Every structure is written in C-alpha cells, then in structure tokens.
Amino acid sequence: MINEHVIREPLPYGKPSKSLDLIGFFKRYGLFILVIGSFLFTISAPIVLLISKPIYEVKAIMRVDPVIPSLITKSEDPLIINYYQDYARTQAQRMMSFDVLKKTVEKLTPGEKASIFPATLPADKCANMLAFIIKTNPLNGTHLIEITASGQKKQGLAPLINKFMAVFLDKVRKNNEMQDNERLIYLRNKQQALTTEVRRIENKLITLTKDINTASFSESFNLAGKKNEQLQVLYVRSLGDKIAAKIQFDEKVKLNNLIKSLSLEPMVEDLVMKDNSLNITSSWTYQQQQQLRSSTDGLTKNNPDRIYIEDRMNAMREYEKKQKNELTKNARKILYGIRDFGLNKDLITAQNDLERTTANEEKVNEELKKASAEAIKTSVGIHIGESLEAELKHNRELLDLIDTRIQELEVEGKAPLHLSIESVARRPDRAETSNINKLFLIFFSLSFGGVGGVFFAYDFFDNRIRRTKDIQQALGYPPACIVPKSTDNIPFYQLISLAANNDASKAIKSFAIKLSLEKAESSAAIILFTAVDSGAGCTSIALNTAQALAALTPKVLLIEGNIVDQAFSKIAGLSSVPKGFSDFLNSTEPWKDFIGSNLTHKISIMHAGKTMIGNIPQHRVKELFDLARKEYDYICIDCAPVLQSDFTEHLAHYADIIVLISVGESTLFNDLRRATELLVHLKVPAIAPLLNWGGIKRSMSIDKLLEKQPEILDKINTKKIEDIIQNLPAAKELIKKIQTIVNSTLKSTKTISKEKKHK
C-alpha cells in the first residue's frame, strides 16, 4: 500500500521512465529474431559465395635501431632504449598519416594506381582508401615494424609498400632537417643579436673609459678617489687651522674688550706728575703768587692794585690749571692710543690669520667637493664598467657556445636515422586468403542485427507495463495485488463464485484479507476501484473483491459508480436497470430505497441507475457515504478510469483506499504515473496498485506506444511495421514455412545441376 501525505513530490520513490527489460525482450522476440535472422542469412549465403574474391598480401619490414652512432658531437642523445616500444608504436602511427598516404598515391605510376584504385579517383580519396589497405604493426620482442598491404589484385601492391616506406623515410629525414633548420635559424638570429649586443657594450666601454680616464675598472685605479683622500686630509688640516685661528681671534676680541674695560687714569696722573714743565710752571706760579700775595698786604679788597694782583694770581693759577689739563689730555690720548694700537695690532693679526685660514679652508673644501664628485663619478663608472665587462664576458661566452652549437647542428643534420628499410616488398605469387569470412560475418550481422534492431527499437519505445517491476519503478512500491490470468474457461466476473480454487480467485481473496487488515488498523471501510484506462476489468475485480469481503464480513455494499458506462448491468444481464446511484443523486428519497440485495453474490448492490450524460449532481455523495459507513462493514465503489472522469475524482475524496488497476501488456507506464500523481494531489489516504493480467489487451498502435517518438518516425509509415509485427505467425508455423522454402530451393538447385550434367 502507498500511504501518501502532503508532499512536494507526488512520487518521490518512482522513476519517470520505464527501464529496459532485456530478459523479457529475449523471451518475447528471441525466437522470432533467431528464425527470421536464420532465414535471411540462409538466403544471403549464396550471395557471399558469388561476391567473394581472393585477397593478395605483401609484406615489408622496417628496422628501428635503438642506438645509432654519433658523428662528431655528443649534444644529441642517440639512445631510445628507455622508450623504444613507445617510439616504435609512434612511428607506426605516423606512417598512417594522411600526408604520407597522399604522397604515396602521387608517387605511383598510372598503371600501379589503376591496379589498386579507380583510375579517375582523386589522390585525396585514394589516400582515404589506402588507410584501409596498408597496415603497420610493431613486432613484439623485435626491433622491427611489419608493413602489410592487401588487395584483390597482386599487381601494384609491392611498389605501393616500397614507395610508402620511401615516402615516410623522406618525411622523417625532412622533419629532422626542418627541426635543425628551425634551430639554426633561431641560433643564427641569436648569434646576430649577441654580436650586436657585444658591439654595443664595447662602444659603451670606450665612451666610459674616456669619461673616467681609466680602462681598468677597479678602485685601485681610481685616481680621483686618491686625490679625494688627500684633499680630505688637507681639508681636515685647514679646518683645524681655521678653528684655531677662530679661537685665537675670539680670545683676542675678548681680551681686548677686557683690557679696554680697564682705566688708564692712574697712569695718566703719574705721567702728568712726572712732567718737568708742569713742575717748573707750578714752582714759578707758586713763587709769583707768594710775591704778589705779599704785595697785597695792607690793601683793601676794593683796592684796584689788590684787585689787579688777585686777577693776576687767578690768571696764573688758571694758566697752571690749563697747562695741567692739556698735559692730562695729551697723556690720556697718548696712553690710550698706545694701548689701542697694541690691542688693534694683535686683533688685526688674529683676524688676518682667521681670514687666511678661512679662505684656505673654503678653497680646499671647494676642491674637495670637485674631487668628491669626480671620485663618485669615477666609482660609478668603474661599477658600470665592471657590469659591462661581466655582461660582455657572458655574451662572448654565450656567443662561443652558439657558434659551437651551430657547427654541431650543421653536422648533426646529416646524422643517420633510427629507421631503415630491412626488407622490401615483393610481388605475391599466390593469394593469401579470401574475404569470404568477412562477408559471412557482415551478412550474419546484418541478418540478425537488422531483425534484432527492429524488434529492439519496438521494445525500447514500448511504454506498456509488462512486469511487476514496472509498477514498482513507476510508483516506488510494488503492487498490492497481482491478479493472474484465469486458466479456467469461465467469465472473469464469476471467478469467486464459480472457480474458488483458481489462481486469480486466490489472488483476489488474498487482496480481500489485506483490505480487512487495513480496516482493523485504520478503519478503512470505503474502497474505490478505478483503472488507469478503460477495459482493465475494474467492474469484475470490484465485484469479485466484494464477494471475497462478504465471506469475511456479513455486510458488504457494492456501488456502481460508473454512471455513464454501466458495465455491471451488462455483465449481470439485466433487461432493465433498476433505480440506483444516479437516481439517488437526482432525488431527495432515502438512500436505502435505491439498494437491492444480490443473493447470488451475497452482497448489497446499488446499481448505476439511469444513465446520465453531462453534469451529474454530486451534493448527496457525502450523505450517502456517511450513512452507509454506519450500516455496512465494507463499501466497494466501481468507478470509471480516473484519467477520464472528474466524477471519479470527487468520489475519491470520500474513499479510504483507492484500488488503482493496471492491465499487464496494455496499460501505459506514463498513464499509470499520471493517474497516481492525480490521486496523490487529491490527498487520498491510501493507494493500492493492482496489476491485472486478465484484462482486455487493447490493440495498441505504434504511434500510441511511442509517446516520445523521434522526429524521424513522423516521416515513416508505421502502420506497415505495426501490421507486420502484430500479424507475425506462431513460431512453429514460421519454422514450417522456412523449412518448406529451403527444401524447394534445394530441389530446384539439384534439378538444375542434373540438367547441366546431361547436357
């Protein structure tokens, strides 16, 4: 049972398409393929004998030397021992290249070409054909490659092989030379580039030598650096002299300022006091004043003589004072002048030393800067020169290697090849074999393969359910019941009542027991029977299941829900259909008024009633099931196929179990999935797939079976193929017809041979 709930994928465990059943295919069509294929192969065997022709074969041998002697150089490794097998297989494959085959065809004479190919066939077409004529095979355990060519004529085969080997050897030799030429071109271009580079570097070195005045690029030859060192020593010395002069000058300035701060007045006074003229003047003045003062004795202050004498004495004192001031002034001027002269002289000397040392330092510094710049320039030039010399040396060494390599390649271009012709092909004396075996194989494959391909294609696109596994693949679960085909010659709807021991009856009874278990576990009382398509035996299975359930429980109701196509009324042989389901839906009468009892089947039956076409009133359906569930143990509903009736979809809402019936070798795989997906989307509680092998086998067309048929089938009249397959006779009849045809053919051949002998 499939117990489905609300899920995104309707059939999560099923597969969208049916898998191929090879065993079933051989069981169904194996005998037909064997008989028809044998017949076709038998009638085609004489054709093989007529068109078979002798096959001539020629052989040639090429030798692959694992070691070849070197000439002068050792740059190329002549050994292929480590990869000899790969080398041999590679050369064998290279022989079959299109350009080798085409050149071989072009080297053939018109007569040789006409003996192998059509005379007017172009060379490229002949090359394509030649790939099937010539075969190359490295012989294991040897250093040989076998080259064979086969054809229906012995003329031209040997020249073909010999020219084929010559063309390939010429190609290998040219490839080696072309490879060397490419190397030589590259090396010569590199040689020219290096020569140009060497000249450029040499010109740079010449210019650099002129700039830095040295051709030896080493610091020991850096004269500017040595000059810079000497100037640095001289600059340090001159800087020391400048600093010493500066210190001395500063000391002189400081000392002069200190000396100038000292007063020379005592020395001035001393000098004035030691002046004789002032002493004489003072003595004379003193004497004269004493004489004049004595002459004023007795004179009044207002006496003119006294006034005159006193004025004269004042004048003498003023004169003395004036002379003293002049002497003091002159002495001060002389002393200060002498001191200033001495101080200024020492200061001038110190300043002169400072200016001299400063000028000397500045000049040395200027020369040092020039020397430093020249030394830096020379050092950079020496560094560049060293790099240029190293680059020049490297390029010259590389140039020497390239010159040597060019000479080696020119010599190696004439080196021997690993490949050589060991033995040439000779014209065959007799035919090696015949193509009869190949022709028999081809006709055998066409006879059996063609017939088998037709049947295989038919079976591959056949979408019908042919086995139990198909239902399991479609739904993800095996069928809940498999009803085998009844072997008794009784109507299918009477199996339970007339053939209780029939295998089909046993299967239905077993299914009834499963339904009773479902009721015990989940109270599933309403069972709806529907089919994927019409003619599946839905009514018969519903009736037989209801009878099987009636043997387990006393009250079973069978409702004929297929109102449009009333199958139960037909199989029951009713002349007039009593009131039933449709009448109940169109009325307001109690539901029990439309139920009758069937003593033969021991069940209650609600017939379909009046046939209805169009919209069916369905509002009383729920009322019917709610009331009937209380009165009956089981309610079985026979419905139309779910894919063809929306009324069945409505009834499915009230069912506890949906019995979905498929017919073996009739129901389509995709239809089963679509019907199940529809029921799953309706959220039915449970679905019980049932496979009925006793249903009506519908006559299916190829267009119906091939739902996803290729576009090419639209252009093919499939009706004829369909008629041939469906009208195939039985295997025994087919074997008898083939035997009759073979016997008549053998008799006719015997009579013809006898007539020839008599003649």
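It should be emphasised that the depicted structure is a prediction, and the values quoted were computed from it without experimental measurement.

Visitor: Before we go on, may I ask you to explain the environment of valine 364 in this structure?
Guide: Looking at the element boundaries, valine 364 is found in helix α10 (residues 304-412). Owing to a relative accessible area of 6%, valine 364 belongs among the buried residues under this scheme. C-alpha of valine 364 to C-alpha of leucine 231: the two residues are 133 residues apart in sequence and 6.9 Å apart in space. Each residue touching valine 364, except ones within four places of it in the same chain, is listed here: Leu231, Leu234, Tyr235 and Ser238.

Visitor: Hey, could you run me through the nonpolar core in this one?
Guide: Soluble, globular proteins show a tendency: their nonpolar side chains are buried together. Judged by nonpolar contacts, the single largest core of 44 residues is most densely connected at Ile559, Phe581, Ile635, Ile637, Leu651 and Leu679. No other element matches the five residues that helix α20 (residues 669-681) contributes to this core. Here leucine 651 is in contact with Leu528, Phe581, Val621, Phe625, Ile637 and Cys639, once residues within four sequence places are set aside. Grouped together as the second largest cluster of nonpolar side chains are 38 residues, Leu108, Leu130, Leu417 and Ala425 included.

Visitor: Where do I start with the pairing of strand β12 (residues 657-663) in this structure?
Guide: Within a regular strand, side chains alternate between the sheet's two faces. By the criterion of burial, β12 is predominantly enclosed, with seven of the seven residues buried. Of the two faces of β12, the one holding Ile657, Val659, Ile661 and Val663 and the one holding Ile658, Leu660 and Ser662 are both buried throughout. Here strand β7 (residues 526-531) runs beside β12; their pairing, made up of five bridges, is parallel. Looking across to β12, one finds that threonine 530 is bridged to leucine 660.

Visitor: Teacher, can you tell me more about the side chain of histidine 650 here?
Guide: Looking at where histidine 650 falls in the secondary structure, it is placed in helix α19 (residues 646-652). Not counting residues up to four positions away in its chain, the partners in contact with histidine 650 are Gln618 and Val621.

Visitor: Is there a simple way to explain helix α5 (residues 123-133) in this structure?
Guide: Every buried residue of α5 is listed here: Ala123, Cys126, Ala127, Leu130 and Ile133. Buried residues in α5, looked at end-on, bunch into an arc of 105 degrees, giving them a common side.

Visitor: What exactly am I supposed to notice about the side chain of threonine 357 here?
Guide: Looking at the secondary structure, you find threonine 357 in helix α10. Residue threonine 357 is classed as buried on the basis of its relative accessible area, which comes to 4%. Within the structure, threonine 357 has its side chain in polar contact with the backbone oxygen of leucine 354 (distance 2.9 Å). The residues touching threonine 357, leaving out its near neighbours within four places in the chain, are Ser238, Asp241, Lys242 and Ala245.

Visitor: Explanation requested: the pairing of strand β10 (residues 603-606) in the structure shown.
Guide: Both faces of β10 are covered, namely the face carrying Ile603 and Ile605 and the face carrying Ser604 and Met606. Inspection of the sheet shows strand β8 (residues 556-560) paired to β10 by three bridges, in the parallel sense. Looking at the pairing, leucine 557 lines up with serine 604 of β10. Note that strand β9 (residues 596-598) and β10 share three bridges and pair antiparallel. Of the residues in β10, the one forming a bridge with serine 597 is serine 604.

Cut-offs used in this document
Residues numbered from 1 in each chain as written. Predicted model: local features only at pLDDT ≥ 70, side-chain atom pairs only at ≥ 80, totals over all residues. Heavy atoms only, no water. Helix = DSSP H or I, 4+ residues; strand = E, 2+ residues; numbered from the N terminus. Buried < 20%, exposed > 50% of the residue type's maximum accessible area, 1.4 Å probe, protein only. Contact = heavy atoms within 4.5 Å. Core = buried A, V, L, I, M, F, W, Y, C linked by side-chain atoms within 4.5 Å. Pairing = 2+ DSSP bridges. Arc of directions from axis to C-beta. Polar contact = N/O pair within 3.5 Å; in protein donor to acceptor, adjacent residues only side chain to side chain.

No statement about biological role is implied by the geometric values presented.
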